[in-house]
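Commentary on secondary and tertiary structure
Below are the chains, spelled out letter by letter.
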Amino acid sequence: LQGIFVLGLPYALLHSGYSGLLLIVLAAALCCYTGKILIACLYEENEDGQLIRVRDTYEDIANACCKKLSPSLGGIVVNVTQVVELIMTCILYLVVSGNLLSHSFPYVPVTEKTWSVIAFVTLLPCIFIRTLKIVSKLSQLCSLVHFVIIFLVITYCLTQMHQWSWAKFRLSLEFENFLVSVGVIIFSYTSQIFLPTLEGNMKNPGEFRCMLNWTHFFACILKTTFALTAFLTWGEKTKEVITDNLPSFLETLVNLCLLTKALLSYPLPFFAATEIVYSCIFNDNHSNYRSPLLALTVRGSFLFLTLLMAMFTPHFALLMGLSGSVTGAAMTFLLPSLFHLKLKWKKLSFLQKCADISVFILGFLCSLAGIVCSIKGLLEVFG
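Throughout what follows, the structure given in this document is the object of discussion. In this text the structure is predicted, and so the values were computed from the model without any measurement.

Cut-off values and rules
Residues numbered from 1 in each chain as written. Predicted model: local features only at pLDDT ≥ 70, side-chain atom pairs only at ≥ 80, totals over all residues. Heavy atoms only, no water. Helix = DSSP H or I, 4+ residues; strand = E, 2+ residues; numbered from the N terminus. Rg over C-alpha atoms; globule rule 2.2 N^0.38 Å. Buried < 20%, exposed > 50% of the residue type's maximum accessible area, 1.4 Å probe, protein only. Contact = heavy atoms within 4.5 Å. Areas by Shrake-Rupley, 256 points an atom, 1.4 Å probe, with all protein chains shown as cover. Lys, Arg positive; Asp, Glu negative; His and termini not counted. Charge placed at Lys NZ, Arg CZ, Asp CG, Glu CD. Polar contact = N/O pair within 3.5 Å; in protein donor to acceptor, adjacent residues only side chain to side chain. Arc of directions from axis to C-beta.

Here's the deal with the overall build of the protein
Counting its secondary structure elements, the protein contains 15 helices and 2 strands. Its C-alpha atoms give the protein a radius of gyration of 21 Å, near enough to 21 Å, the size a compact globule of 383 residues would have. Classification of the 383 residues of the protein by burial places 49% in the buried group. Residue pairs in contact within the protein that sit at least 24 positions apart in sequence constitute 78% of those at least 6 positions apart. Total accessible area on the protein is roughly 19,100 Å²; 69% of this is exposed by carbon and sulfur atoms. Measuring between centres, the 25 positive side-chain charges of the protein sit 3 Å from its 21 negative side-chain charges.

Encoded structure:
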């Protein structure tokens, strides 16, 4: 919920004005809703009317929806979509790490790609991660680092309160820039890929909905506070990544914190991607599934794949935007609403059906707009 995208929220407000504040709240509500309906698809009522968890993964939900067409078609589509998004996320962390190291130590005669390799070396222990417990501990550290970053930026902004002015907010909007803002705001909340596994590993899954409500509520409060204070501080001078606006001494400190956050964030999508590949390759044959040599081979292959793509993929940011517009919107809005309608149609009220259809349409429009903007950017670069 609190990813690297948060650093772009003040810039999103620059292009979206007052509507951006509303979008931050709306995006939290929509992502919380799609998370709930996705988890609802894991359950079915038994003869006594009790909810029983009959599915374990996003793949199981997709297969249940597409079983009349093909027993495994839905699962294949979902797995490919998930793996693409997770790999792109891992690559993004490597690219960001190289960029942050390059900006933190500008006087060291090392290229940004070489810095990415140095960051990659620190991630080699990821091939030995076997359980979600280790990943969760790293994610906790990541959250702590994130709060330190937010605290440092907000504290500095509060020292500049004397120059705040609500007149800095725009009333008129440029459509294309507004679409970029929508993408940044919405995808700063996405977490649907991890929710089935998270809910399945909770000591009390019955508290999942409550947990989702509170986490999205606090995320919304934190994002709004962060974006608002930063934008009011710099106004029209707000840069794409807000750390570029900070004084040099504070920028270096925050960049090093961001580097730590990026490296601690890497294991979660990496672990999720390898787990999906395990289940696909070995077809849940647990004698092979937990073979140490095969496990190390799969993890090692994934690790080096992310490095190679980070090193040699041209215009990665634009490609990330294109793939994110497809996979991110699909996993966050399109598929949860579609699956919920398919599996629960007879039990849904009219308002629930309208809500799911509205979310699907909104997700489709966001995806289409993101694809158009990304393709336009790629054409401009290669043209």
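After that view, the rundown keeps rolling.
Some words on the side chain of Thr34
Examined against the element boundaries, Thr34 turns out to sit in helix H2 (residues 18-40). There is a polar contact of 3.1 Å between the side chain of Thr34 and the backbone oxygen of Thr332. Excluding its chain neighbours within four sequence positions, the residues that come into contact with Thr34 are Gln192, Thr332, Phe333, Pro336 and Val359.

Re helix H5 (residues 112-122)
Residues lying three or four places apart along an α-helix face the same way, a consequence of the helix completing one turn every 3.6 residues. Inspection of H5 places Trp115, Ser116, Ala119 and Phe120 among the buried residues, and these make up the whole buried set. Viewed along the axis of H5, the buried residues span an arc of 150°, placing them on a single side of the element. Turning to H5, the residues buried within the fold contact helix H4 (73-104), helix H10 (248-265) and helix H13 (292-312).

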